[in-house]
Amino acid sequence: MHSIVLTKGVPDFREGQVSFNEEGHLERGKTPTVMNPNDKFALEAAMQTKVRHGGRVSVMSMGPPGYQGILIEAMRDVYADDLYLLSDREMAASDTWATAITLSAGIEKLGEPDLIFAGFKTADGETGHTGPQTAWCLDWPMITHVIALDVDEEEKRVRAKRLVEGDIKEVETVEVDLPAFIVMDPEFEPSYRRAEHRLVFKDLRQETQKRAENAENAITVWDHVALNLDPNFIGLDGSPTIVSSVDPIPKAPAEREATMVEATDMDGMKEVFDVMDAFAAGD
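Notes on the structure follow. Computed from a predicted model, the values in this text were never measured in an experiment.

Applying the stated criterion to the full structure yields 12 salt bridges. One salt bridge connects D82 with R56, and the closest N-O pair in it is separated by 2.8 Å. On the criterion of sequence distance, the pair formed by D82 in strand β5 (residues 82-86) and R56 in strand β4 (residues 56-62) is long-range, its members being 26 residues apart. The class of D82 is buried, set by a relative accessible area of 14%.

And the structure:
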């Protein structure tokens, strides 16, 4: 069972240092970056699939050289056997369509996997387009907003429970043939009910954390030449989306005042605890 997880780096909004160029494009090389939070659910789903069925988990991303850190984060914090970065200047400023074309080329070069997992949207663009567009490029069946899944290896089918659009309580069960594209929902929680699965999970976590210590050795970098991609159909030239404007991220108002109290100031500490006690005495 070979699974590929698609992940992306997004601006670390906690740093407050998001950089844009004059055309309104995010300068990712100058912006602190972290792994897209929704991609963790895709990683966990791939990990669950490996625990139950064995096989291999590959993690793939498209972005600047700095995205190697995102791939290493994915390996260290959840799981990966190998890592793939699609990166060169010709891919810069891609919109979701150009990104999907590039990712689909990377997937085809890696070989036909059984499952591809993706998060349902990124924290920066929030379009939710890249996963479905990549599935369309591959001409694969796709299930979105998945909260639980299992694979029938003999029948080569995947059965998934997914949230019905607009309703977090209504769930439907969907089955499709492998290979399949799975878009995970944040409501997904991995399940390891059998003792043998919990033991396998523990062993795999230890294995991947040890591998992550030298993760650079597990990273393969492919440029547009290696992927046999025409520069006219990727990157900025291949992106039909036009950014008309960018709104700056508002900073939190600095209206709160703070009173510093030393731990040795008994009167000051008593006053602090008196204030806190009024809230603790409520519910």
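Following the structure, the description resumes.
A word on the side chain of D81. Along the polypeptide, D81 turns up in the loop between α2 (68-77) and β5. A distance of 2.7 Å separates a polar side-chain atom of D81 from the backbone nitrogen of V57. A distance of 2.7 Å separates the side chain of D81 from the side chain of Y79, its partner in a polar contact. Excluding its chain neighbours within four sequence positions, the residues that come into contact with D81 are K50, G55, R56, V57, M75, E207, R211 and A218.

Turning next to the packing of helix α1 (residues 39-53) against helix α5 (residues 195-212). Contact geometry of α1 with α5 gives a least axis separation of 9 Å together with a crossing angle of 120°. For the element pair α1 / α5, the angle class is oblique. Here α1 runs over α5; the crossing is right-handed. Facing α1, whose interface residues are M47, K50, V51 and R52, α5 presents H197, V200, F201, L204 and R205. Taken together, the residues of the contact of α1 with α5 sort by class into 5 nonpolar, 1 polar and 3 charged.

Our next topic: the pairing of strand β1 (residues 2-6). With 5 of 5 residues buried, β1 lies mostly within the body of the structure. Here β1 shows a buried face lined by H2, I4 and L6 and a second buried face lined by S3 and V5. For β1 and β4, the ladder comprises 5 bridges, and the chain directions are parallel. Considered in β4, the bridge of I4 is made with S58. Both β1 and strand β6 (residues 115-119) contribute to a ladder of 4 bridges, which runs parallel. Note that in β6 the partner of S3 across the bridge is L115.

Rules used throughout
Residues numbered from 1 in each chain as written. Predicted model: local features only at pLDDT ≥ 70, side-chain atom pairs only at ≥ 80, totals over all residues. Heavy atoms only, no water. Salt bridge = Lys/Arg side-chain N within 4 Å of Asp/Glu carboxyl O. Helix = DSSP H or I, 4+ residues; strand = E, 2+ residues; numbered from the N terminus. Buried < 20%, exposed > 50% of the residue type's maximum accessible area, 1.4 Å probe, protein only. Polar contact = N/O pair within 3.5 Å; in protein donor to acceptor, adjacent residues only side chain to side chain. Contact = heavy atoms within 4.5 Å. Axes fitted to C-alpha atoms, helices over the stretch in contact; angles between N-to-C directions. Parallel < 35°, antiparallel > 145°, perpendicular 65-115°, else oblique. Left-handed = near helix turned anticlockwise from the far one by under 90°. Nonpolar A, V, L, I, M, F, W, Y, C, P; charged D, E, K, R; others polar. Pairing = 2+ DSSP bridges.

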